[in-house]
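Remarks on the overall topology
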Amino acid sequence: MVKELERAGIPTVQICTMVNVALRMGTNRIVPSRSVLYPTGDPSLTPDEEIKLRHQIIKRALEAVQTDIEEQTVFETNS
């Protein structure tokens, strides 16, 4: 789906744990996450830590979708 949206001119970001699969599938902008079950969180963290993590991941995804790229790019977070 990400590739079709990009083909239509809509920039997209895939937040995922399996970065290698996203790269093989041709995803252009990838933001790594922590868990397949919790792509934008981590229930093992305290509530305050999880909120910080969620903000980091979403902020990075918003930055990624605004970034012009020439090739597939993985946008790492600071977590």
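Just above, that's the structure.
Attention here is on the structure that accompanies the text. Remember, predicted model here, so these are calculated numbers, not experimental data.

What counts and how
Residues numbered from 1 in each chain as written. Predicted model: local features only at pLDDT ≥ 70, side-chain atom pairs only at ≥ 80, totals over all residues. Heavy atoms only, no water. Pairing = 2+ DSSP bridges. Helix = DSSP H or I, 4+ residues; strand = E, 2+ residues; numbered from the N terminus. Salt bridge = Lys/Arg side-chain N within 4 Å of Asp/Glu carboxyl O. Buried < 20%, exposed > 50% of the residue type's maximum accessible area, 1.4 Å probe, protein only. Contact = heavy atoms within 4.5 Å. Right-handed = clockwise from strand over helix to strand, strands pointing away.

A short note on the sheet that holds strand E2 (residues 29-32)
Strand order in the open sheet formed by 3 strands is E1-E2-E3, with parallel pairing between adjacent strands. In the strand order of this sheet, the two ends are held by strand E1 (14-16) and strand E3 (73-74), each with one partner. One ladder, built from 2 bridges, connects E2 with E3; its direction is parallel. When the bridges of E3 are listed, Ile30 appears paired with Val74.

Considerations on the pattern of salt bridges
This model, assessed by the stated rule, comprises 5 salt bridges. A salt bridge links Arg7 to Glu4, with the shortest nitrogen-to-oxygen separation between them at 2.9 Å. Linking Arg7 with Glu4, this pair stays in helix H1 (residues 2-7), spanning 3 residues, or about one helical turn. Under the relative-accessibility criterion, Arg7 is labelled exposed at 60%.

Re the side chain of Thr12
Mapped onto the elements of the fold, Thr12 is located in the loop between H1 and E1. Given the relative accessible area of 10%, Thr12 is considered buried. With residues up to four places along the chain from it excluded, the contact list for Thr12 reads Val2, Leu5, Glu6, Arg29 and Val65.

Concerning the pairing of E2
What you see with E2 is no split at all: Arg29 and Val31 on one side and Ile30 and Pro32 on the other are buried throughout. Taken together, the 3 bridges between E1 and E2 define a ladder with parallel strand orientation. Within the sheet, the bridge partner assigned to Ile15 lies in E2 and is Val31. In this view, the connection linking E1 to its parallel neighbour E2 by way of helix H2 (residues 19-25) has right-handed handedness. In this fold, E2 hands off to helix H3 (residues 47-65), which returns the chain to E3; that crossover is left-handed.

This is a description of form; function is not addressed.
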